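The chain contents come next:
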Amino acid sequence: MEPEAAKDKDSFRNYTSGPLLDRVFATYKLMHTWQTVDFVRRKHAQFGGFSYKRMTVMEAVDMLDGLVDESDPDVDFPNSFHAFQTAEGIRKAHPDKDWFHLVGLLHDLGKVLALAGEPQWAVVGDTFPVGCRPQASVVFRDCTFQDNPDLQDPLYSTELGMYQPHCGLENVLMSWGHDEYMYRMMKFNKFALPPEAFYIIRFHSFYPWHKFGDYQQLCNEQDLAMLPWVQEFKYGHSHGRAWGRGSGGFTGQYGHGHGHAWGGRLGGFMAAIPVLQQVRPLHQELQPARRGRAEALLPRAR
Ligand SMILES: O[C@H]1[C@H](O)[C@@H](O)[C@H](O)[C@@H](O)[C@H]1O
Ligand SMILES: [Fe+2]
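How each quantity is defined
- Residues numbered from 1 in each chain as written.
- Chains lettered and ligands numbered in written order.
- Predicted model: local features only at pLDDT ≥ 70, side-chain atom pairs only at ≥ 80, totals over all residues.
- Heavy atoms only, no water.
- UniProt positions renumbered as here; feature names shortened; annotations may be inferred.
- Helix = DSSP H or I, 4+ residues; strand = E, 2+ residues; numbered from the N terminus.
- Core = buried A, V, L, I, M, F, W, Y, C linked by side-chain atoms within 4.5 Å.
- Buried < 20%, exposed > 50% of the residue type's maximum accessible area, 1.4 Å probe, protein only.
- Contact = heavy atoms within 4.5 Å.
- 1 Å grid on protein atoms, 1.4 Å probe; cavity = no way out; pocket = protein on both sides within 12 Å on 5 of 7 lines; lining within 4 Å.
- Polar contact = N/O pair within 3.5 Å; in protein donor to acceptor, adjacent residues only side chain to side chain.
- Donors = N, O, S within 2.8 Å, 3.2 Å for Na, K, Ca; no water.
- Expected span 1.5 Å × (residues − 1).
- Phe/Tyr/Trp six-rings, centres within 6.5 Å; stacked < 30°, edge-to-face > 60°.
- Lys NZ or Arg CZ within 6 Å of the ring centre and 35° of its normal.

Per an unreviewed UniProt entry, the recorded name for the protein is Inositol oxygenase, and the organism is Bos indicus x Bos taurus. UniProt's Pathway (unreviewed entry) comment on the protein is quoted here verbatim: "Polyol metabolism; myo-inositol degradation into D-glucuronate; D-glucuronate from myo-inositol: step 1/1." In its Sequence similarities (unreviewed entry) section, the UniProt entry covering the protein states "Belongs to the myo-inositol oxygenase family."

This is the structure in structure tokens:
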């Protein structure tokens, strides 16, 4: 591991100091001003037809060579590297779950939207439900929402806002970005992956929920069952990050080789894709210790 890349995992996600803070704050300020119920509905309509461009998964990964995520205080290199880091981090933690490794590669591919002319504040960053009051753990919550018109609307500015209690996150309108877009793109193209894979991709940026336990009033049983998977994903995700990418490009079983030559095991992914059409062990049990974390988030009303 490169010394500069061997960043202590606990020092990630620092939103109070650091060299990239101004850029990160500016991105969230725009996001928290302009992401409204109306905006999200318009984006669903705009991108719901999937008519923009046809490309393969690996072409999308390649495209992300051209994208540095301006919401991320930890990443000042192209997102394509991050795809391999994450796949590799998950492979280490779950060597037997090829579909999970693939989720690592795929999870951020929706960021191609930023290369199709969308502003970063409508693509990247942590997500939050629109149509209700932002909860305390939303990044920069206290200093970025004051110009958001929805918060002047009584329907949208209570804790439940426009939702029914425990309606389930699948019925919640999340701020628009790469997670929801990629989820819908995978549905549209009928990716042969288990429901856990779709769910993880759809909600991986919803830190206020999966990391901080906010928004429990919107969750149903399905969300609680899926939560350990999202948390397990984030575990592999941050372990991949902790490795960094080294000076010659990210290396690992699934990594880039030097420069742009692909590493030796790229074929592993390609071979994995047809295999994923076959029977998949769904709803695998996680270790009780991890389930315990999820149970702590059970809705108190039940
Ligand atoms: O800045 C990052 C980045 O945009 C990630 O792709 C997203 O998943 C995270 O939630 C966010 O913190
Ligand atoms: Fe992401």
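Draft legend 1. Broad picture of the UniProt feature "modified residue: Phosphoserine" (unreviewed entry) in the protein. Per the UniProt record, the feature "modified residue: Phosphoserine" (unreviewed entry) sits at Ser17. For serine 17, the location among the structural elements is in the segment before helix 1 (21-34).

Draft legend 2. How the structure looks around the nonpolar core. Core analysis: the biggest nonpolar cluster contains 70 residues, and Leu169 and Trp209 have the highest contact counts within it. Elements that contribute at least two residues to this core include exactly helix 1, helix 2 (37-47), helix 3 (57-63), helix 4 (79-93), helix 5 (98-106), helix 7 (178-188), helix 8 (195-203) and helix 10 (221-243). For leucine 169, the contacting residues outside a window of four places in its chain are Tyr199, Phe203, Phe206, Trp209, Leu218, Cys219 and Asp223.

Draft legend 3. Up close: the UniProt feature "binding site: substrate" (unreviewed entry) in the protein. This chain's UniProt record puts "binding site: substrate" (unreviewed entry) on Arg13, Asp69, Glu70, Ser71, Lys111, Gly125, Asp126, His204 and Ser205. Taken from the residues named earlier, the lining of the largest cavity is made up of Arg13, Asp69, Ser71, Lys111, Gly125, Asp126, His204 and Ser205. Of the residues examined, arginine 13 reaches a relative accessible area of 18% and is grouped as buried. Residue histidine 204 is classed as buried on the basis of its relative accessible area of 2%. The residues touching histidine 204, leaving out its near neighbours within four places in the chain, are His107, Asp108, His178, Asp179, His210, Val230, Phe233 and Lys234. A distance of 3.0 Å separates a polar atom in the side chain of histidine 204 from a polar atom in the side chain of aspartate 179.

Draft legend 4. Just unusual backbone geometry, in detail. With phi around 55 degrees, arginine 13 is a residue other than glycine that occupies positive phi space. With respect to the element layout, arginine 13 can be found in the segment before helix 1. At phenylalanine 50, a residue that is not glycine, the phi angle is positive and equals roughly 50 degrees. Relative to the helices and strands, phenylalanine 50 is located in the loop between helix 2 and helix 3.

Draft legend 5. Quick look at the side chain of lysine 111. Considering the arrangement of structural elements, one finds lysine 111 in the loop between helix 5 and helix 6 (141-144). The buried category is assigned to lysine 111, whose relative accessible area is 4%. Only 3.1 Å separates the side chain of lysine 111 from the side chain of asparagine 79, close enough to count as a polar contact. Leaving out residues up to four positions away in the same chain, lysine 111 has contacts with Leu64, Leu67, Asp69, Asn79, Val123, Val124 and His178.

Draft legend 6. Inspection of the coordination of the iron ion (ligand 2) at higher detail. Around the iron ion (ligand 2), the protein contributes the donor atoms Asp108 (OD), His178 (NE2) and His204 (NE2), at 2.0 to 2.3 Å from the metal centre. Site description for the iron ion (ligand 2): donor spacing in sequence, D-x69-H-x25-H. Taken together, the residues span a long stretch of sequence, with histidine 178 in helix 7 and histidine 204 in the loop between helix 8 and helix 9 (207-210) at a distance of 26 residues.

Draft legend 7. Broad picture of helix 1. The end-to-end C-alpha distance of helix 1, which contains 14 residues, comes to 20 Å, matching closely the 20 Å that a straight helix rising 1.5 Å per residue would cover. For helix 1, every residue scored as buried is listed here: Val24, Thr27, Tyr28, Met31, His32 and Thr33. Contacts from the buried residues of helix 1 go to helix 6.

Draft legend 8. Summary view of the packing of aromatic side chains. Scanning all chains against the criterion turns up 20 aromatic pairs. Here the aromatic rings of phenylalanine 39 and tryptophan 121 are separated by 5.2 Å at their centres, their planes lie at 40 degrees, and the arrangement is tilted. You can see phenylalanine 39 sitting in helix 2 and its partner tryptophan 121 sitting in the loop between helix 5 and helix 6, a full 82 residues away along the chain. You can call phenylalanine 39 buried: its relative accessible area is 8%. Overall, tryptophan 121 belongs to the buried group, its relative accessible area being 15%. Ring centres of phenylalanine 100 and tryptophan 229 lie 5.5 Å apart, and the angle between their planes is 70 degrees; this geometry places the pair in the edge-to-face category. A residue pair is termed long-range when its members are at least 10 positions apart, and phenylalanine 100 in helix 5 and tryptophan 229 in helix 10 qualify at 129 residues. Given a relative accessible area of 0%, phenylalanine 100 falls into the buried group. Among the aromatic residues, those joined into a cluster by ring pairs are Phe47, Phe50, Trp176, Tyr181 and Phe188. Positioned above the aromatic ring of phenylalanine 198 is the side chain of lysine 187, whose terminal nitrogen or guanidinium carbon lies 4.6 Å from the ring centre.

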